Amino acid sequence: MALQTSKEGEIPLLILKEGTKRTSGAEALRSNIAVARTVEETLKTSLGPKGLDKMLVDSFGDVTITNDGHTIVKDMEVQHPVAKMLVEVAKAQDLEVGDGTTTAVVLSGELLGKAEDLLESNIHPSVIISGYQKASSWALEELEKISLKIDPSDKEKLTEIAKTSLSSKVVAAGKGLDYLSGLAVDAVMHVAKSKDGKFYVDLDDIKVEKKKGESLEDSTLVKGIVLDKEVVHPGMPKIVKGAKIAIVNAAMEIEKPETTAKIQITSPVQLKSFLDEQTNMLRDMVEKVKATGANVLICQKGIDDIAQHFLAKAGIMAVRRAKESDMDKLAKATNARVVTSFNELTSEDLGSADLVEERKVGTEKMVFIEGCANPKSVTLLLRGGSDMLLDEAERSIHDALFVVKNVLEDGQVIAGGGAPEVELSIALKERAKSLAGKEQLAVMKYADAFEVIPSVLAETAGLSPLDALVRLKSAHMEGKKNYGIDVLKGEIADMFERKIIDPTKVKSQIIKSATEAAVMILRIDDVISAAAPPPQPPKTGEGGMGGEEYRTPKNRSSLVDQVRAHPGDRIKGIAAKSGCSSPSAPRGDSWDE
Ligand code: ADP
Ligand code: MG
């Protein structure tokens, strides 16, 4: 209970609700920083092509294996509000530029770690914040200087960029890397629109579909839309050329009333007329579709067996229970309008495509819609041996598509492998000399934080981080601005020569989002958390819930202690916290045995 007394001897004034916990000042800041660093430590090991993957098991036992920063922090289901802020950083990074999520979270954590050093030397958070903000805008300026303009239509360069992005993913094994990078570039170039010499890409034009079987190298780019559905009735045509497509968000069934109704039938004649009436209604619906001239029907809801029969007789190919997201994509691709009732359907609502065909992919059937009215729509059909691999391939391809889009639209690239981080760090330290006093220290620390990226890359490459950093810095001092770490070869080299290239846009977004998160966390000097809801009586006798432990100062510091005492167990600490408030989530238990 938080009490505030007015003066000694007087009656205490109750300001906060009973059970409310409050930590303030340096203590609040320190524990928030400890949490951010814990998340950073967790992600560090996943950075770069030699970074390792994480296996995440959700409360249903579903397994995700991933290297994608955003997916890791999202699926960790963190509890602490500061950890949640870092999840937001990764999310923002993912939405804005698609790639660089791990780097953004690692840099946020590192910036906060360096801020802690400054706090130890009694520098006020507001000074750190202003120093960091200055450093961030300088870093963006310097980044611009070391960026290289490329010809956006240079397919070879785009492929190298896609490859750099994909090289850190599990799909990079074997020939998958070259093949998938090529596919990603082809897909983006196909949907790109050019206006006044500039390119624009809407990634919604690229549909990614997965089908288990074969291997990643058997993935294909289909110029059109692929639906993971089959034609509903064997009597329907399997190929329709010159397709006129009706897209309907309604059921071709007799709708049952919401209220309970009873129909009393007393004679066989009545029964027959009742059934006939149903049949007639379904026939009417089919007639309506037929009257518009449609030869393909894509239905978001169900199609009754009798209606299927009539459709087949009318020579109309039909697909039922199409996904909602597919409906929009399909409408855009075929220039159709989605209608919500069969009564409304007119010939003007129909979309068109050269060919609609049901094909066998692996052991299952899929419907291919090719030669669409809007030729910009494509589908990447991913193949792979297991669902987990396919899911990770989808996430990886998302990053690759995004980086190609970024470069196509923006035209600017930088070296990868930690090269820009070293260059920015040196440049910031040089510029910091113009500042006075404590702000200079803050900018210096900001510059130091950048070094985490080359250090981690060196470590994953089996090099000594300290040694690699010293060699990198001296190379940069000699003007070799693009020297970084070729992780795969374990060498320090010119990253452009090694074709390790990142989009500038990704790096600038990393700087922006990491600084924003660090500043936001540094601004907090008071954490006031409401009491946890009273414990529910255990339902199944599996034990009550632990409450949200991070909220109590005692437990907060115990988390911090745990983090400090067992750095290797940091992820365990977080996982245990994440499971503890939910009585049905076994993850905490299973990780923390
Ligand atoms: P993020 O989620 O931040 O994109 P990644 O695991 O994809 O994290 O790693 C990205 C980092 O790895 C970038 O800094 C990139 O330049 C670097 N990188 C990619 N390929 C190589 C390579 N072959 N050698 C060195 N660094 C690389
Ligand atoms: Mg990446």
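Residues numbered from 1 in each chain as written. Chains lettered and ligands numbered in written order. Predicted model: local features only at pLDDT ≥ 70, side-chain atom pairs only at ≥ 80, totals over all residues. Heavy atoms only, no water.

Enquirer: Whenever I open this one, the sheet that holds strand β21 (residues 501-503) confuses me. Can you help?
Expert: Backbone-to-backbone hydrogen bonds join strands into a sheet, with any given pair of strands oriented parallel or antiparallel. The strand order across the open sheet formed by three strands is β6-β18-β21, and the pairing between neighbours is antiparallel. Single-partner strands in this sheet number two, and they are β6 (148-149) and β21. Pairing between strand β18 (residues 412-415) and β21: three bridges, direction antiparallel. Paired with Ala415 across the two strands is Ile501, which belongs to β21. Along the sheet, helix α6 (residues 155-166) makes contact with β18 and β21, crossing β21 at roughly 90°. (Pairing = 2+ DSSP bridges. Helix = DSSP H or I, 4+ residues; strand = E, 2+ residues; numbered from the N terminus. Contact = heavy atoms within 4.5 Å. Axes fitted to C-alpha atoms, helices over the stretch in contact; angles between N-to-C directions.)

Enquirer: Before we go on, may I ask you to explain the packing of helix α13 (residues 437-450) against helix α14 (residues 452-460) in this structure?
Expert: If you want to describe how two helices pack, look at the angle between their axes and the distance between the axes. Across the interface, α13 lies against α14 with an axial gap of 4 Å and an inter-helix angle of 25°. On the basis of their axis angle, the class for α13 and α14 is roughly parallel. Of the residues in α14, those in contact with Asp448, Ala449 and Phe450 of α13 are Val452, Ile453 and Pro454. Among the residues making up the contact of α13 with α14, the classes are represented as five nonpolar, no polar and one charged. (Parallel < 35°, antiparallel > 145°, perpendicular 65-115°, else oblique. Nonpolar A, V, L, I, M, F, W, Y, C, P; charged D, E, K, R; others polar.)

Enquirer: What's the story with the environment of Ile161 in this structure? I'm lost.
Expert: If you trace the backbone, Ile161 turns up in helix α6. Sequence separation between Ile161 and Ala400 is 239 residues, and the spatial gap between their C-alpha atoms is 8.1 Å. Once residues within four sequence positions are removed from consideration, Ile161 is found in contact with Ile150, Val403, Val407, Val413, Ile501 and Pro503.

Enquirer: I tried to follow the packing of helix α1 (residues 25-44) against helix α4 (residues 101-120) on my own but got confused; where do I start?
Expert: Axis separation between α1 and α4 bottoms out at 8 Å; the angle between their running directions is 145°. As for how α1 packs across α4, the hand of that crossing is left-handed. Packed against α1, whose contacting residues are Leu29, Arg30, Ile33, Ala36, Arg37, Val39, Glu40, Leu43 and Lys44, the element α4 presents Thr102, Val105, Val106, Gly109, Glu110, Leu112, Gly113, Glu116, Leu119 and Glu120 at the interface. Class assignment for the residues of the contact of α1 with α4 results in nine nonpolar, three polar and seven charged. (Left-handed = near helix turned anticlockwise from the far one by under 90°.)

Enquirer: Is there a simple way to think about helix α9 (residues 305-313) in this case?
Expert: One turn of the α-helix equals 3.6 residues, which is why residues spaced by three or four share an orientation. For α9, every residue scored as buried is listed here: Ala307, Gln308, Phe310, Leu311 and Ala312. Its buried side turned inward, α9 meets α8 (268-291), β13 (296-299) and β14 (317-319). Sitting at the head of α9, Asp304 places a side-chain oxygen 2.8 Å from the backbone nitrogen of Ile306. Looking one or two places after α9, you find Gly315, whose phi comes out positive at around 75°. (Buried < 20%, exposed > 50% of the residue type's maximum accessible area, 1.4 Å probe, protein only. Polar contact = N/O pair within 3.5 Å; in protein donor to acceptor, adjacent residues only side chain to side chain.)

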